[in-house]
Amino acid sequence: RVGIGIDVHRLKEGRKLILGGVEIKHPLGLEGHSDGDVLTHAIIDGLLGGSALGDIGVHFTSNNRSYSGISSLILLGCALDKCINSGWRPAFLDATIIAQSPMLTPHVGDMKNEIARVLSLPNTQINIKSTTTDNLGYIGNGEGIACHAVVTMEQT
């Protein structure tokens, strides 16, 4: 099976920028009920979709106070457990972060390592890339960051 995840969050002052569980130095961070990590959220949606378990909003509702400010890596681990309990596990994932700034390439290795650790996958089974919108739209104007993820799932 294949699962697809997409997430978008607004950039905001007073928040840390967290992507793939890695804190990145930037004057703005991602708004969200949790840490706003669009990469991890897109991966969660890909995992859940590939396991036919709905989406992140079904399992981790934004009105649940226990998720306020939580690391999205914790949510990723919980989502993985749900997938495994339903008979599915990730085999490979490919994600693209869409951000005008900051430059993300120097952080991709750390992101891959964090995601690999939580998913118990070799980091060679994880591909993370980044692109810009060439200054077009809300992302190009520095108002937000988006991510698309595709996760290949296999039966356990």
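All of the points below concern the structure found in this document. (Residues numbered from 1 in each chain as written. Predicted model: local features only at pLDDT ≥ 70, side-chain atom pairs only at ≥ 80, totals over all residues. Heavy atoms only, no water.)

### Points about the sheet that holds strand β1 (residues 2-12)
Taken in spatial order, the five strands line up as β4-β1-β7-β5-β6 in an open sheet, and their pairing is mixed. The outermost strands of the open sheet, each flanked by one partner alone, are β4 (29-30) and β6 (126-131). Pairing between strand β5 (residues 88-98) and strand β7 (residues 144-155): 10 bridges, direction antiparallel. Across the sheet, R89 pairs through a bridge with E154, a residue of β7. (Pairing = 2+ DSSP bridges. Helix = DSSP H or I, 4+ residues; strand = E, 2+ residues; numbered from the N terminus.)

### Quick word on the nonpolar core
With 43 residues, the main nonpolar core has L19, I43, L76, I97, M111 and L119 as its most contacted residues. Elements with a contribution of two residues or more to this core: β2 (17-19), β3 (22-24), α1 (38-50), α3 (72-85), β5, α4 (108-119), β6 and β7. When residues of this core are assigned to their parent elements, the largest contribution, seven residues, is made by α1. Beyond its immediate chain neighbours, meaning those up to four positions away, I97 contacts L19, L39, L104, M111, I128, K129, S130, T131, I145, A146 and C147. (Core = buried A, V, L, I, M, F, W, Y, C linked by side-chain atoms within 4.5 Å. Buried < 20%, exposed > 50% of the residue type's maximum accessible area, 1.4 Å probe, protein only. Contact = heavy atoms within 4.5 Å.)

### So, the pairing of β7
Summarising the sheet, β1 and β7 pair through nine bridges and their orientation is antiparallel. Looking across to β7, one finds that V8 is bridged to A146.

### Observations regarding the side chain of D45
Structurally, D45 is set in helix α1. For the buried D45, which has no salt bridge, the nearest side chain bearing the opposite charge is K82, at an N-O separation of 12 Å. At 2.6 Å, the side chain of D45 forms a polar contact with the backbone nitrogen of I56. Once residues within four sequence positions are removed from consideration, D45 is found in contact with I4, G5, I6, D55 and I56. (Lys, Arg positive; Asp, Glu negative; His and termini not counted. Salt bridge = Lys/Arg side-chain N within 4 Å of Asp/Glu carboxyl O. Polar contact = N/O pair within 3.5 Å; in protein donor to acceptor, adjacent residues only side chain to side chain.)

### Observations regarding the packing of α3 against α4
Close contact between α3 and α4 brings their axes to 9 Å; oriented N to C, the two are set at 35°. You can see that α3 and α4 cross each other, and the crossing is right-handed. Residues L73, L76, G77 and L80 of α3 pack against E114, I115, R117, V118 and L119 of α4. (Axes fitted to C-alpha atoms, helices over the stretch in contact; angles between N-to-C directions. Left-handed = near helix turned anticlockwise from the far one by under 90°.)

### Section: the side chain of S72
As for its position among the elements, S72 is in helix α3. A distance of 3.5 Å separates polar atoms of two side chains, one belonging to S72 and the other to S34. The residues touching S72, leaving out its near neighbours within four places in the chain, are S34, D35, D37, T40, H41 and I44.

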